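Coordinate inspection notes
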Amino acid sequence: MRIGRTLLAALLVASLVAAVAQPPAGTADEEPRRTAVADHHETASYVVEQNGVCRSIEPFDSGGTVASFYDYRSNATTGLASQPGRSSYGTESLQSANGSVLFLHEGSDGLSLGVVHGRVNGSGDGGRATMEFVGLPADAEWAVRDDAATRRSDSFTTGDGWASGSWSWRDGHTDGGALNGGFNGRFAVTVDPGVGLDRGVESLAVASGGGPSATSTTLPSLDAPFTIRTGTCDGASVRYDRTADGIEASVEGARADHPVALQPAGGASDNVTFERVTVVGANGSFALGFGQSDTRAPLGNVDGADSLAALSMTDDLTENGANGTVTFSVGKDSFDPNARDDNAVVLYERVGEWRPTATELLGETADAYRFRANVSSFSAVAVAAQRSFDVTDVTLSETRIREGETIDVTATVENTGQFAGEYRVPLTVFGEHVDARTVSIAPGENRTVEYEQQFAAPGDYTVEVRDERAAVTVEARSDGATGEPDTGGGSGDDAGALPGFGLTTVVVTLSVLVAVAVVRRRDEV
């Protein structure tokens, strides 16, 4: 029986040591889990698709801007009294007297998407049309607004991921406009023509350049939405629809070996733009919605920083085994120009809890730095400053005290990053968070944080603020009295935690006492 008691005691002691030494789960310092994703190359191929019909199209290339290609002329600039004003003279070869024609234009201002209604000097009856464009790049805006300055009946609107135009024109005149900005990468824009409810429009077509003369693809439906996108007709088809808080992309014909690039909407801030969400590994059909997120502030202070911008996503990809990438840009005004750090920001994804992703700097434009991050799911993402503060000079008011007494803990917190931040700085004793302070610090500055900590039992304790440690020895009271600890356990965010011993340690210790009592009783029997 002596051997059994010795073995049992050894096992119980080992379990107690393992419980005390066990690190906290789910710490923010874990290495981000990398997701294998394919690179998504840009493409110079374009198609239009509607109701299952898909045709290749090519942009017109004038060498100038889309405004010069459209060549809008007012009554004062037509040059001849016989020529009607308020019309497009650069698109005459594309125009249809009783129709609406869309086109792509490649020029000195990049790629643009335009539309022209009616025909100048034509025999049409005039008309009225309203179109909505959904899935637009974040930078897209109206670069051409035919009759915007002279006719109250024409209107041009832009929103988060969408734009709309309403036009009214007379016979022998034209109307229209062009969107420019952000079309130089992969894109898919769904156009809701609405012309089936308007008058004077008998045909709907997409013109194509690239040859000695323009060609035209007449669409099968006047009022069904259609999509103009990069890629080929062999690729997945995409359709965008507006929702109450953003847009939703519906994808058909996806293949696991072919990434699907989608345009997010919602979540952008003054300094951060979500440019693209690329889905990899999806098969068949799926939907992915984008919208404003309620996660902008409650990033949970992961790594001590609030988010700069957040994006919510809703999907039906759970059983599809898909992952992907998020491409976003951060304005250069947010960075210290003398100390640019390629790792200054990181994308977090919410998978039960916020988790950092593998984020890389892709390059830069004149106004922003562009980043890409791997994601393993599609729920919510947030861009935040990389943990950018250090803790130094942890000091204790006393290094040897008696049980029940209190010491002061002081630490210096320095912001070593490029963003001002509000940081949560925890105080830890034996791996248990017992207190915390929140401090706001500008880049390059430091602040002092102070804590009070009481110890209820004798022993040697390690006090830790972030990664900086200090040791304190707590001696038993000579009069035999037991110190009564302050039940508040500190005045910070984690007040009420057990100083020096966590709940796991207490439970295991009670288990040891019960087991020893059982062994003794058996020996007595």
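Model, not experiment: these values are computed from the prediction. (Residues numbered from 1 in each chain as written. Predicted model: local features only at pLDDT ≥ 70, side-chain atom pairs only at ≥ 80, totals over all residues. Heavy atoms only, no water.)

**Digging into the overall build of the chain**
Short version of the rule: For helices the rule is a DSSP run of H or I covering at least 4 residues; for strands it is a run of E covering at least 2, with both sets numbered from the N terminus onward. The rule is simple: take the accessible area with a 1.4 Å probe, protein chains only, and divide by the maximum for that residue type; under 20% is buried, over 50% is exposed, in between is partly exposed. Any two residues whose heavy atoms approach within 4.5 Å at even a single point are treated as in contact. For every accessible area listed, the method is Shrake-Rupley and the probe measures 1.4 Å; residues are considered covered only by the protein chains on display.
A tally of helices and strands in the chain yields three helices and 36 strands. A total of 525 residues make up the chain; the buried ones form 48% of that total. The long-range fraction of contacts in the chain, counting pairs at least 24 apart against all pairs at least 6 apart in sequence, stands at 70%. When the accessible surface of the chain is summed, it comes to about 24,900 Å², and 46% of that surface belongs to carbon and sulfur atoms.

**Topic: the state of the cysteines**
Put simply, the rule is: Here, the term disulfide refers to a pair of cysteine sulfur atoms separated by no more than 2.5 Å.
A full pass over the atoms with the stated rule returns one disulfide. Here Cys54 engages in a disulfide with Cys233; their sulfurs sit 2.1 Å apart. For the disulfide bridge between Cys54 and Cys233, the dihedral angle about the S-S bond is near -85°, and by the sign convention the bridge is left-handed. Of the two residues, Cys54 sits in strand β2 (residues 53-57) while Cys233 sits in the loop between β16 (226-230) and β17 (237-242), which places them 179 residues apart along the sequence. When its relative accessible area of 19% is taken as the criterion, Cys54 is described as buried.

**Points about the packing of aromatic side chains**
What counts is decided by this rule: For Phe, Tyr and Trp, where Trp contributes only its six-membered ring, two rings pair if their centres lie within 6.5 Å, and the inter-plane angle classes them as stacked under 30 degrees, edge-to-face over 60, or tilted in between.
Applying the stated criterion across every chain, the model contains eleven aromatic pairs. The interplanar angle of 35° and the centroid separation of 6.1 Å between the aromatic rings of Tyr46 and Phe187 together place this pair among those described as tilted. Here the residue Tyr46 occupies a position in strand β1 (residues 46-50), and Phe187 occupies one in the loop between β12 (174-180) and β13 (188-192), the gap between them amounting to 141 residues. There is no split in this pair, since Tyr46 and Phe187 are both buried. Ring centres 5.1 Å apart and planes at 70° place the aromatic pair Trp142 and Phe156 in the edge-to-face group.

**A word on the pattern of salt bridges**
Once their charged atoms are close, side chains differing in charge can pair, the charge on each being opposite to the other. The criterion, for reference: A pairing counts as a salt bridge when a side-chain nitrogen of Lys or Arg comes within 4 Å of a carboxyl oxygen of Asp or Glu.
Here the structure, examined in full by the defined rule, presents 13 salt bridges. In this structure, Glu360 and Arg372 form a salt bridge, with 3.3 Å as the shortest nitrogen-oxygen distance. Here the residue Glu360 occupies a position in strand β26 (residues 359-364), and Arg372 occupies one in strand β27 (residues 368-375), the gap between them amounting to twelve residues. Classification of Arg372 as buried rests on a relative accessible area of 17%.

**A look at unusual backbone geometry**
For Asp71, which is not glycine, the phi dihedral falls at a positive 55°. By the secondary structure assignment, Asp71 is in the loop between α2 (66-70) and β4 (72-73). For Asp71, a relative accessible area of 24% translates into the label partly exposed. Positive phi is not limited to glycine here, since Asn121 has a value of about 60°. Along the chain, the position of Asn121 falls in the loop between β7 (110-118) and β8 (127-134).

**Things to note about the sheet that holds strand β29 (residues 389-396)**
Here is the rule: Two strands form a pair only when DSSP identifies at least two bridges running between them. Under this scheme, a helix contributes an axis fitted over its contacting stretch, all axes are lines through C-alpha atoms, and angles between N-to-C directions fall in the 0 to 180 degree range.
Pairing in this open sheet of three strands is antiparallel, and the strands run β29-β31-β34 from one edge to the other. Edge positions in the open sheet fall to β29 and β34 (446-454), since each of these has one partner strand only. Sheet twist, expressed as the mean angle between neighbouring strand axes with direction ignored, is 25°. Alignment of strand β31 (residues 406-415) against β34, held across nine bridges, turns out to be antiparallel. Of the residues in β34, the one forming a bridge with Ile407 is Gln453.

**Remarks on the pairing of strand β14 (residues 203-208)**
Extensive coverage of β14 is indicated by the burial of five of its six residues. The pairing of strand β6 (residues 99-107) with β14 spans four bridges and is parallel. When the bridges of β14 are listed, Gly99 appears paired with Ser203. Here β14 runs beside strand β15 (residues 215-218); their pairing, made up of four bridges, is antiparallel. Bridged to Ala207 within β15 is Ser216.

**Examining the side chain of Thr428**
Structurally, the position occupied by Thr428 is in strand β32 (residues 421-429). When sequence neighbours within four positions are dropped, the list of residues in contact with Thr428 reads His433, Thr462, Val463 and Glu464.

**What to know about the environment of Pro84**
Within the element layout of this structure, Pro84 appears in the loop between β4 and β5 (87-88). Overall, Pro84 belongs to the buried group, its relative accessible area being 14%. Separated by ten residues in sequence, Pro84 and Ser74 have C-alpha atoms that sit 8.3 Å apart.

**Brief notes about the sheet that holds β2**
An order of β2-β1-β16-β13-β8-β11-β10 is seen for the seven strands of this open sheet, with the pairing classed as antiparallel. The sheet is open, and its two edges are formed by β2 and β10 (155-159), each paired on a single side. Between one strand axis and the next, the sheet turns through 20° on average, direction left out of account. Summarising the sheet, β8 and strand β11 (residues 162-169) pair through eight bridges and their orientation is antiparallel. Bridge pairing in β11 places Arg128 opposite Ser168.

**Topic: the nonpolar core**
Proteins that are soluble and globular tend to have nonpolar side chains buried together. Definition in use: Here, the term nonpolar core denotes a set of buried Ala, Val, Leu, Ile, Met, Phe, Trp, Tyr and Cys residues that are joined through side-chain atoms within 4.5 Å.
Membership of the largest hydrophobic core comes to 40 residues, with the highest contact counts inside it found for Leu262, Phe274, Val279, Phe328, Leu347 and Phe378. Those residues in contact with Phe378 that lie beyond four places of it in its chain are Val277, Thr278, Val279, Leu288, Met313, Asp315, Leu317, Ala322, Asn323 and Gly324. Core analysis: the second largest hydrophobic core is formed by 29 residues, Met131, Trp142, Val206 and Ile228 among them.

**Considerations on a negative patch on the surface**
Rule in force here: Within this analysis, patches are made of residues with over 30% relative accessible area and no salt bridge. Like charges are joined at 9 Å or less; nonpolar side chains (Val, Leu, Ile, Met, Phe, Trp, Tyr) at 5 Å or less. A residue counts as positive if it is Lys or Arg and as negative if it is Asp or Glu; His and the chain ends are not included. Just so you know, the charge point we use is NZ for Lys, CZ for Arg, CG for Asp and CD for Glu.
Taken together, the side chains of Asp390, Asp393, Glu414, Asp467 and Glu468 make up a negatively charged region of the molecular surface. By the secondary structure assignment, Asp467 is in the loop between β35 (459-465) and β36 (468-475).

**Considerations on the pairing of β7**
Side-chain positions along a regular strand alternate between the two faces of the sheet. Most of β7 is tucked away, with nine of its nine residues classed as buried. Bridging between β6 and β7 involves eight bridges; their strand directions are antiparallel. When the sheet's bridge partners are listed, Val101 is paired in β7 with Val116. In sequence, β6 turns back onto β7 through a hairpin of two residues.

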